[in-house]
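One-letter residues, chain by chain:
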Amino acid sequence: MPYVVLLSTTLVLAFSSLVALFPAAIAPELASVLGISSATIGLQVSLIFAGAMLTSLVGGPLTRRLGPCRTSQLSLALLGGGAALMAVPALPTFALASLIAGLGYGMTNPPASLLLVRFTPPERRGLIFSLKQSGVPLGGVIAGASAPFLALAVGWQAGLLLLSTIALLGIAALQWPRSRWDDQRDPRTSWLATPFSGLVVVWQQRSLRYVALLSLCFSAIQLSVSAFTVALLVEDLGFGLVEAGLVMSGVQVSGVVGRIGWGGIGDRLGDRLTTLAIIACTTAVGALLVANMTPEWPKWLVAGLLGLLSLSSLGWNGVYLAEITHLAPPRHVADAAGGCLVFTYGGVLLGLPTVTILHTVLGDYTTVFTILAGISLLGLWLIRKARLAREGEAKIAARASKTS
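Okay, so let's go over this structure. (Residues numbered from 1 in each chain as written. Predicted model: local features only at pLDDT ≥ 70, side-chain atom pairs only at ≥ 80, totals over all residues. Heavy atoms only, no water.)

### Things to note about the overall build of the protein
Thought 1: For the protein, the helix and strand inventory stands at 19 helices and zero strands.
Thought 2: Taking 404 residues into account, the globule formula puts the C-alpha radius of gyration at 22 Å, and the protein, at 21 Å, falls close to it.
Thought 3: Along the first, second and third principal axes, the C-alpha set of the protein runs to 65 × 45 × 35 Å.
Thought 4: Per-residue burial for the protein yields a buried fraction of 52% across its 404 residues.
Thought 5: Excluding contacts between residues fewer than 6 apart, the proportion of contacts in the protein whose partners are at least 24 apart in sequence is 83%.
Thought 6: Within the protein, one finds 25 positive and 16 negative side-chain charges whose respective centroids are separated by 14 Å. (Helix = DSSP H or I, 4+ residues; strand = E, 2+ residues; numbered from the N terminus. Rg over C-alpha atoms; globule rule 2.2 N^0.38 Å. Buried < 20%, exposed > 50% of the residue type's maximum accessible area, 1.4 Å probe, protein only. Contact = heavy atoms within 4.5 Å. Lys, Arg positive; Asp, Glu negative; His and termini not counted. Charge placed at Lys NZ, Arg CZ, Asp CG, Glu CD.)

Laid out in structure tokens, this is it:
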């Protein structure tokens, strides 16, 4: 059963990433149809994460009301419906479709966290959550490989409708374990009456609050590394576009390896905050090395250092989500996951425009990476605050158990 849960949650997450990035992978084709620039298609990702933030607010209570399996099915329905709506060649419809798909995207992690906590051993959660989170870059790799091929072979609209068909198949497959996975749901839970319950859980517990703020920093760095690597290589370091694209693929692969590797390290150390601190330090060092790159650097060295940077800057997510389940009150795991992910998605929304503005002011991408190193060190300070808060909360819980 644990392996079925892990496979199911990973595939749902990979599909959400596939739907989110599919339009970007065929941006020139879509841009010509919609009558806009290809760069404007990138704003679709912002709409995706805006929708994800909205459903993250209610992800916890909705999961308790419907059950984690039914919530995952609803997520697939929204993602598939959004993909189908994107096939309509009209800009307002495309924007609405992206927002609908984002609503489904934001509903993937709260039910997945609840299922993994229930069916997997605590001592292996770092690795298990990291394996599940590898679905995000996996979906990106599939989008990059399949979207252009489908657009040429059957047309971009047929490709999007194919995604809707996959969503329906996923909903049908999840019906098989639903009675087992949803046997603890509470249909009386009011999910709209308390839309900020997840944020309340996170903000009232200081350790969760600092970990959530940490994710805002880390997600901003992750987005910047993913989104601007090609521009950095071409505009600042003299790479050709094809060479830069190959390096970008390597960055994503390194991210997958990093997610799995850091999850295993976190389990072995038995302290995921320490693992996150190591990730923050290695990210800061890597970003500073990138900031000092020049066109005279050997291309193999540039590619290698960017790959090493992505091991940490793209590899933190599973360790982070596993730590949330460790810190959260047992009855509020889904609430805490949803509340923390509001901050995570907020970092995604803030990161892209912030880095764009910094590039405009500073004039190059290499200098921007110095700022990213500083953000990583801010994350290190937040980890220290989270550790102190966790120790204080443990002492209070110990005193309470003695007096009870």
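Having seen it, we continue.
### Let's talk about the side chain of S16
Thought 1: Relative to the helices and strands, S16 is located in helix α1 (residues 2-25).
Thought 2: On the basis of relative accessible area, S16 is assigned to the buried category, the value being 0%.
Thought 3: In contact with S16, other than residues within four places in its own chain, are L79, Y105 and T108.

### As for a nonpolar patch on the surface
Thought 1: A cluster of nonpolar side chains, contributed by I357, V361, L362 and I371, occupies part of the molecular surface with about 360 Å² of accessible area.
Thought 2: Here the element with the most residues in the nonpolar patch is helix α18 (residues 333-362); it accounts for three residues.
Thought 3: Here I357 is to be found in helix α18.
Thought 4: Judged by its relative accessible area of 53%, I357 falls in the exposed class. (Patch = residues over 30% accessible without salt bridge, like charges linked within 9 Å, V, L, I, M, F, W, Y side chains within 5 Å. Areas by Shrake-Rupley, 256 points an atom, 1.4 Å probe, with all protein chains shown as cover. Salt bridge = Lys/Arg side-chain N within 4 Å of Asp/Glu carboxyl O.)

### Considering the layout of surface pockets
Thought 1: Size it by volume and the second largest pocket reaches roughly 520 Å³.
Thought 2: Put simply, the parts of the chain that give the lining of the second largest pocket at least two residues each are α4 (43-66), α7 (109-119) and α18.
Thought 3: In terms of residue count, α7 provides more of the lining of the second largest pocket than any other element does, four residues in total.
Thought 4: In terms of residue class, the lining of the second largest pocket is built from eight nonpolar, five polar and seven charged. (1 Å grid on protein atoms, 1.4 Å probe; cavity = no way out; pocket = protein on both sides within 12 Å on 5 of 7 lines; lining within 4 Å. Points joined across faces, edges and corners; volume = space filled by probe spheres on them. Nonpolar A, V, L, I, M, F, W, Y, C, P; charged D, E, K, R; others polar.)

### A short note on the pattern of salt bridges
Thought 1: In total, this model carries nine salt bridges according to the counting rule given.
Thought 2: Here R64 and D335 are joined by a salt bridge, their closest N and O atoms 2.1 Å apart. Taken together, the residues span a long stretch of sequence, with R64 in helix α4 and D335 in helix α18 at a distance of 271 residues.
Thought 3: On the accessibility criterion, R64 (27% relative accessible area) is partly exposed.
Thought 4: In this structure D335 comes out as buried when scored by relative accessible area, which is 2%.
Thought 5: Ionic pairing is found between D183 and R180, a salt bridge with its closest N-O pair at 3.7 Å.
Thought 6: Exposure remark for R180: the relative accessible area of 40% places this residue in the partly exposed category.

### Section: the packing of helix α5 (residues 68-86) against helix α6 (residues 91-105)
Any two packed helices are characterised by how steeply their axes cross, that is the angle between the axes, and by the distance between the axes.
Thought 1: Relative to each other, α5 and α6 sit at 165°, their axes nearing to 7 Å. With respect to each other, α5 and α6 are oriented roughly antiparallel. Considering how the two elements wind past one another, α5 and α6 form a crossing that is left-handed. Residue-level contacts link S75, L78, L79, G82, L85 and M86 of α5 to T93, F94, L96, A97, S98, I100, A101, L103, G104 and Y105 of α6. (Axes fitted to C-alpha atoms, helices over the stretch in contact; angles between N-to-C directions. Parallel < 35°, antiparallel > 145°, perpendicular 65-115°, else oblique. Left-handed = near helix turned anticlockwise from the far one by under 90°.)

### A closer look at empty space enclosed by the protein
Thought 1: According to the stated counting rule, one finds three cavities of 30 Å³ or more in the structure shown.
Thought 2: In this model, the largest cavity occupies a volume close to 40 Å³.
Thought 3: Taken together, V45, S46, F49, L223, V348, L349 and L352 make up the full set of residues lining the largest cavity.
Thought 4: Within the residue set of the lining of the largest cavity, elements represented by two or more residues are α4 and α18.
Thought 5: Each residue belonging to the lining of the largest cavity can be placed in one class, and the counts come to six nonpolar, one polar and no charged.

### Quick notes on the side chain of D271
Thought 1: In this fold, D271 is placed in the loop between α14 (241-269) and α15 (272-291).
Thought 2: With a relative accessible area of 16%, D271 lands in the buried category.
Thought 3: A distance of 3.5 Å separates a polar atom in the side chain of D271 from a polar atom in the side chain of R390.
Thought 4: Those residues within four positions of D271 in sequence are excluded, and the remaining contacts are G266, R387 and R390. (Polar contact = N/O pair within 3.5 Å; in protein donor to acceptor, adjacent residues only side chain to side chain.)

### Let's talk about the nonpolar core
Thought 1: Counting residues in hydrophobic clusters, the biggest one holds 78 residues, and the most contacted among them are Y105, L208 and L276.
Thought 2: If one sorts the elements of this core by residue count, α1 sits on top with nine residues.
Thought 3: Contacts of Y105, omitting those with residues within four sequence positions, involve S16, S17, A20, I48, F49, A52, L79, V136 and Y345.
Thought 4: Counting 26 residues, the second-largest nonpolar core is a separate cluster that includes V225, Y365, V368 and A373. (Core = buried A, V, L, I, M, F, W, Y, C linked by side-chain atoms within 4.5 Å.)

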